[in-house]
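The residues making up each chain are set out below.
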Amino acid sequence: MSITTKGTALITGASGGIGAIYADRLARRGYDLILVARNRTRLAGLAQRLRSSTGRSVDTVAADLSDKTDLAKVETILRANADITLLINNAGVGGHGATAQRRRREDG
């Protein structure tokens, strides 16, 4: 039996919260996934659950997109993988970026 796919969705910030919800919904709608987040352990757990519950292909990339080397790694994947048909750029939505850090210092 062959499972058809709508392509591959690359989701940043995928290890929890809204990123994990996007991953679940897209896998159930027929997308294979590439999940990107800093937390390797949570990524692996989510990937295994999604593989088991949906039968979709799920790859993981442990990367901190505030790190230039990790960002370049994800950019390379996006440029090289012609199967990627959807990008959900959810990284940093949880308040870990420079603006959130500045606010924390100001609120002190």
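Data block above holds the structure.
The structure presented is a predicted model; accordingly, all values stated were derived computationally and were not measured.

## So, the overall build of the protein
Right, so step 1: Helix and strand content of the protein: four helices and four strands.
Right, so step 2: Put simply, the protein runs from its N terminus to its C terminus through helices and strands in the order β-α-β-α-β-α-β-α.
Right, so step 3: Residues classed as buried in the protein amount to 36% of the 108 residues present.
Right, so step 4: The contacts in the protein between residues at least 6 apart in sequence include a share of 62% that link residues at least 24 apart.
Right, so step 5: Surface summary for the protein: the accessible area is close to 6900 Å², and the carbon and sulfur share equals 48%.

## As for the nonpolar core
A general tendency of soluble globular proteins is for nonpolar side chains to be buried together.
Right, so step 1: Judged by nonpolar contacts, the single largest core of 17 residues is most densely connected at Ile 11, Ala 23, Leu 26, Leu 33, Leu 35 and Leu 50.
Right, so step 2: Listing elements by their share of this core, those giving two or more residues are β1 (8-12), α1 (17-28), β2 (32-37) and α2 (40-54).
Right, so step 3: Among all residues touching Ile 11, those that are not within four sequence positions of it are Gly 19, Tyr 22, Ala 23, Leu 26, Leu 33, Ile 34, Leu 35, Val 36 and Ile 88.
Right, so step 4: Counting residues in hydrophobic clusters, the runner-up holds seven residues, among them Ile 34, Val 61, Val 74 and Ile 84.

## Regarding α1
Right, so step 1: Between its terminal C-alpha atoms α1 stretches 17 Å, which fits the 16 Å expected from twelve residues at 1.5 Å a residue.
Right, so step 2: Within α1, burial applies to Gly 19, Ala 20, Ala 23, Asp 24, Leu 26 and Ala 27.
Right, so step 3: Next to the buried residues of α1 lie β1, β2, α2 and β4 (84-89).
Right, so step 4: Following α1 by one or two positions, Gly 30 has its phi on the positive side, about 105 degrees.

## Some details on the environment of Leu 65
Right, so step 1: Assignment of secondary structure puts Leu 65 in the loop between β3 (58-62) and α3 (68-80).
Right, so step 2: In sequence terms Leu 65 and Thr 12 are 53 residues apart; their C-alpha atoms lie 8.5 Å from each other.
Right, so step 3: The residues contacting Leu 65, other than those within four sequence positions of it, are Thr 12, Val 36, Asp 70, Leu 71, Val 74 and Ala 91.

## Looking at the packing of α1 against α2
Right, so step 1: Running from N to C, α1 and α2 cross one another at 25 degrees; their axes reach a closest spacing of 10 Å. Classed by the angle they form, the pair α1 and α2 counts as roughly parallel. Handedness of the α1/α2 crossing: right-handed. Here Ala 20, Ala 23, Asp 24, Ala 27 and Arg 28 of α1 come into contact with α2, specifically with Leu 46, Leu 50, Ser 53 and Thr 54.

## A look at the pairing of β3
Consecutive residues of a regular strand have side chains that alternate between opposite faces of the sheet.
Right, so step 1: Pairing analysis gives five bridges linking β2 to β3, with the strands arranged parallel. Residue Ile 34 lies in a different strand from β3, and its bridge partner there is Asp 59.
Right, so step 2: Between the parallel pair β2 and β3, the chain is carried across by α2, and the sense of this crossover is right-handed.

## Focus: the side chain of Thr 54
Right, so step 1: In this fold, Thr 54 is placed in helix α2.
Right, so step 2: Among the polar contacts made by the side chain of Thr 54, one reaches the main-chain carbonyl oxygen of Leu 50 at a distance of 2.5 Å.
Right, so step 3: Engagement of the side chain of Thr 54 in a polar contact is seen with the backbone nitrogen of Arg 56, the distance being 3.2 Å.
Right, so step 4: Contacts of Thr 54, omitting those with residues within four sequence positions, involve Ala 27 and Arg 28.

The rules behind each value
- Residues numbered from 1 in each chain as written.
- Predicted model: local features only at pLDDT ≥ 70, side-chain atom pairs only at ≥ 80, totals over all residues.
- Heavy atoms only, no water.
- Helix = DSSP H or I, 4+ residues; strand = E, 2+ residues; numbered from the N terminus.
- Buried < 20%, exposed > 50% of the residue type's maximum accessible area, 1.4 Å probe, protein only.
- Contact = heavy atoms within 4.5 Å.
- Areas by Shrake-Rupley, 256 points an atom, 1.4 Å probe, with all protein chains shown as cover.
- Core = buried A, V, L, I, M, F, W, Y, C linked by side-chain atoms within 4.5 Å.
- Expected span 1.5 Å × (residues − 1).
- Axes fitted to C-alpha atoms, helices over the stretch in contact; angles between N-to-C directions.
- Parallel < 35°, antiparallel > 145°, perpendicular 65-115°, else oblique.
- Left-handed = near helix turned anticlockwise from the far one by under 90°.
- Pairing = 2+ DSSP bridges.
- Right-handed = clockwise from strand over helix to strand, strands pointing away.
- Polar contact = N/O pair within 3.5 Å; in protein donor to acceptor, adjacent residues only side chain to side chain.

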